[in-house]
Amino acid sequence: MKSLLFACCVVLVTLVLTQTVNADLPVTRTSDQKISRPAPSEGGRYVLHTSLEIVPDPKAYEAKLQITESDLKNFRAALDGTQGNTTIAAITHSPTRTIIAGLLMFLSVSIGGVLFARSSSSGRTQKIAGAVILVVAVVGAAAIITRGNAGPPGSYRWRNLPQALAEGKATAGGLDIEVIPDDARTGANMRLIIPLKKQNSPGEE
Amino acid sequence: MQSAAELKIWPVVRAVPNARVFGAIVLLCIVASAAFASWLPLQVSILTVFLFAGPHNWFELRYFLMRLPVRFGRSRNFFLTAFAGLGVLTLTYVSLPLLYRTALWSEEAWSTVIASWNSLFLFWLLLLIWLRGKRKARASWTWTIPVGLALCSLNWLSPDLFSLAIVYVHPLVALWFLDRHLSRTRPEWLRVYRRCLCVLPFVLIVMVWRLSQASPLPDSNGLFWRITQHSGAEVLPQVSSHLLVSVHLFLEMLHYFVWIVALPLIARAAMKRFWDVKTVPVARHAKGFPRLVAGLLVLALAAVVLLWLSFSIDYSTTRDVYFTIAIAHVLAEAPFLLRMI
């Protein structure tokens with residue numbers, strides 16, 4: 001029973017650590033700087049990362065921007081400087097709390113490990129607990145690695161946008177919402193920047 | 001001096017062959033609470049808190065007095081730690097809103113203050129568990145140390161969420177009390193009761209399924225806003241406030257049901273004449289404190305009446321004040337529950 005409880009604790013700790021590692025990831029740096037996430041524009045700041053779907057509608061009279069209620073709330077919370085849905089992100093802005101949390105987690109895992117090692121029972125329960133810990137460790141490591149590599153760049157999902165628009169099909173991808181100063185606008189109040197790479201035709205360098 | 005063995009004296013009622021009736025009542029209560037909490041969360045919340053918040057505290061106080069030994073004996077350190085922690089934590093918690101108003105706190109500094117209070121609370125709990133564990137020869141509770149530290153760590157990652165978790169977990173503690181009480185007084189009902197508790201997660205799942213997409217509750221006036229905030233609408237803006245208020249209200253209703261209906265009805269011998277001070281061991285004992293107990297209960301009764309009057313005059317402010325002071329009964333549950341485990 002104790003071993004199982006300990007295993008459950010380790011699962012919890014690993015999940016939290018995975019999230020924290022994910023949140024603490026630095027901006028992806030690759031040899032090709034073109035596909036790394038750029039810094040916000042001068043004077044601007046990223047407030048939300050969400051997804052966007054561009055849908056051509058021949059029947060529509062005016063372009064329309066639809067936004068979910070939850071995104072709007074998060075947007076408002078981010079603008080107000082409150083936590084909103086960005087709980088994990090907020091942690092990265094609090095080094096003191098992160099350090100204290102890390103120390104406590106370290107103590108928890110250390111003491112738990114010592115207690116686990118010292119427990120005299122070496123029965124089936126302990127083996128199950130060990131197996132659970134191992135599986136969680138592997139899954140956790142895989143999750144960290146996967147998130148760490150962050151998959152393909154955001155532009156990948158938008159690569160077929162022109163063709164999809166021409167065919168009247170929808171295209172969805174990631175979207176950073178950036179708030180810029182009023183004097184930085186370039187005509188319209190809102191601007192959508194799509195990370196499209198110029199595709200060279202065959203034979204063209 | 002009262003020994004630990006004497007503490008276990010509790011009026012055991014003979015077996016009554018109506019466990020099914022009890023189970024049916026518990027199930028009915030669970031389903032009815034869920035239905036009302038989902039249907040009219042704001043209105044039912046206002047009415048429930050108005051009617052039952054005060055009385056349930058009175059019953060809880062009386063129950064704790066029933067569990068209090070005349071002399072602490074070898075549990076002296078445990079009770080001293082419990083009462084000292086209860087006093088310090090309650091005072092600091094009540095002073096937090098005043099502290100917030102008197103100084104200009106940044107959000108980060110305020111989060112640190114909340115996390116510090118939560119940590120104090122957890123360390124107090126761990127200390128109580130350790131002291132109680134020392135008295136339990138067979139059980140080893142050392143595993144609670146890493147668990148407590150892990151909880152403390154999570155608290156520092158997100159103090160607001162941790163505080164909200166306390167709000168939601170606290171009502172469930174009453175169900176644990178009822179479980180322990182049944183095991184002592186009506187063990188033949190325990191199996192039925194635990195089966196009924198298995199329904200609880202399914203009811204919660206259904207509530208989440210039905211209400212997660214519900215439109216947010218109106219928080220246009222101060223009172224409705226307070227209710228949604230208390231349920232965590234600000235901490236969890238992505239979750240429907242209807243769902244949050246309904247789930248919290250559902251758990252609160254179960255909490256009130258346990259303290260006001262279930263526990264007094266089950267402990268017939270001692271609680272049937274709940275107005276009789278002599279039914280409280282610490283008052284009945286030759287070396288007891290009948291006047292002190294009577295005074296406490298009368299004072300608590302006056303507080304209940306005052307609470308009703310205050311609710312009638314200014315519901316919103318009274319609700320705020322009540323839920324701040326009510327931390328005392330949340331904290332008091334910990335040592336008495338530990339004594340029953």
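Residues numbered from 1 in each chain as written. Chains lettered and ligands numbered in written order. Predicted model: local features only at pLDDT ≥ 70, side-chain atom pairs only at ≥ 80, totals over all residues.

Undergrad: Can you help me understand the overall build of chain B in this one?
TA: Looking only at helices and strands, chain B features 15 helices and 0 strands. Taking all 341 residues of chain B together, 33% fall into the buried category. Considering only contacts within chain B whose residues lie at least 6 apart along the sequence, 79% involve residues at least 24 apart. (Helix = DSSP H or I, 4+ residues; strand = E, 2+ residues; numbered from the N terminus. Buried ≥ 20, exposed ≤ 12 C-beta atoms within 10 Å, placed from the backbone. Contact = placed C-beta atoms within 7 Å.)

Undergrad: What's the story with the confidence of the model for chain A in this structure? I'm lost.
TA: A low pLDDT means the predicted coordinates there should not be read in detail. In the predicted model, chain A carries a mean pLDDT of 67, and the fraction of residues at 70 or more is 52%. Confidence, read as mean pLDDT per element, is least for helix H3 (residues 87-92) of chain A in chain A (51) and greatest for helix H7 (residues 161-167) of chain A (85). (pLDDT = per-residue confidence, 0-100.)

Undergrad: Just to check I follow, could you spell out the confidence of the model for chain B for this structure?
TA: Residue and element names in this part refer to chain B. Here chain B averages 85 in pLDDT, while 92% of its residues score no lower than 70. Within the model, pLDDT remains below 50 along residues 1-15, and this stretch shows 24 contacts once partners closer than five positions in the same chain are excluded. Confidence estimates for the predicted assembly give a pTM of 0.69 and an ipTM of 0.77.

Undergrad: Please clarify how the packing of helix H4 (residues 95-118) of chain A against helix H6 (residues 144-157) of chain B should be interpreted in this entry.
TA: In a pair of packed helices, the angle between the axes and the distance between the axes together describe the arrangement. H6(B) packs onto H4(A) with a crossing angle of 165 degrees between their chain directions and a minimal axis gap of 8 Å. By the angle between their axes, H4(A) is roughly antiparallel relative to H6(B). Read as a crossing pair, H4(A) and H6(B) show a hand that is left-handed. For the pair formed by H4(A) and H6(B), the contact residues are A:Arg97, A:Ile100, A:Ala101, A:Leu104, A:Met105, A:Leu107, A:Ser108, A:Ile111, A:Gly112 and A:Leu115 on the first element and B:Ile145, B:Pro146, B:Leu149, B:Ala150, B:Cys152, B:Ser153, B:Trp156 and B:Leu157 on the second. (Axes fitted to C-alpha atoms, helices over the stretch in contact; angles between N-to-C directions. Parallel < 35°, antiparallel > 145°, perpendicular 65-115°, else oblique. Left-handed = near helix turned anticlockwise from the far one by under 90°.)

Undergrad: Quick question: what am I supposed to make of the packing of helix H2 (residues 19-39) of chain B against helix H8 (residues 187-211) of chain B here?
TA: All names here are of chain B. Viewed as axis vectors pointing N to C, H2 and H8 meet at an angle of 15 degrees, and their least axial separation amounts to 9 Å. With respect to H8, the element H2 is oriented roughly parallel. Between H2 and H8 lies a crossing of right-handed hand. Where H2 abuts H8, its residues Ala-19, Arg-20, Phe-22, Gly-23, Val-26, Leu-27, Ile-30, Ala-34 and Ser-38 lie against Glu-188, Trp-189, Val-192, Tyr-193, Arg-195, Cys-196, Val-199, Leu-200, Val-203, Met-207, Arg-210 and Leu-211.

Undergrad: Would you mind going over H8(B) with me for this structure?
TA: Over its 25 residues, H8(B) runs 37 Å from end to end, which matches the ideal 36 Å to within 8%, given 1.5 Å per residue. Residues of H8(B) that are buried in the fold lie against H2, helix H7 (159-185) and helix H10 (241-266) of chain B. (Expected span 1.5 Å × (residues − 1).)

Undergrad: What is the right way to look at the nonpolar core in this model?
TA: Ranked by internal contacts, the top residues of the largest apolar core, which has 46 residues, are B:Leu178, B:Leu244, B:Phe250, B:Met253, B:Leu254, B:Val258 and B:Val280. Within the residue set of this core, elements represented by two or more residues are H2, helix H3 (41-67), H7, H8, H10 and helix H12 (281-284) of chain B. The element that contributes the greatest number of residues to this core is H10(B), accounting for 15 residues. A:Met105, B:Val147, B:Leu151 and B:Phe162 belong to the second-largest nonpolar core, a separate cluster that totals 14 residues. (Core = buried A, V, L, I, M, F, W, Y, C linked by C-beta atoms within 7 Å.)

Undergrad: Just to check I follow, could you spell out H6(B) for this structure?
TA: For the α-helix, the turn length of 3.6 residues means that residues three or four positions removed from each other point alike. Residue and element names in this part refer to chain B. With 14 residues, H6 extends 20 Å from end C-alpha to end C-alpha; this agrees with the ideal 20 Å at 1.5 Å per step. With respect to burial, H6 is a largely interior element, 12 of its 14 residues being buried. Looking at H6, one finds that the buried residues are Pro-146, Val-147, Gly-148, Leu-149, Ala-150, Leu-151, Cys-152, Ser-153, Leu-154, Asn-155, Trp-156 and Leu-157.

Undergrad: Just checking my understanding: could you explain the environment of A:Asp57 for this structure?
TA: All names here are of chain A. Relative to the assigned elements, Asp-57 resides in the loop between strand S1 (45-54) and helix H2 (69-80). Judged by the 10 C-beta atoms lying within 10 Å of it, Asp-57 is exposed. Considering only alpha carbons, one finds Asp-57 and Gly-168, 111 residues apart in sequence, at a separation of 7.5 Å.

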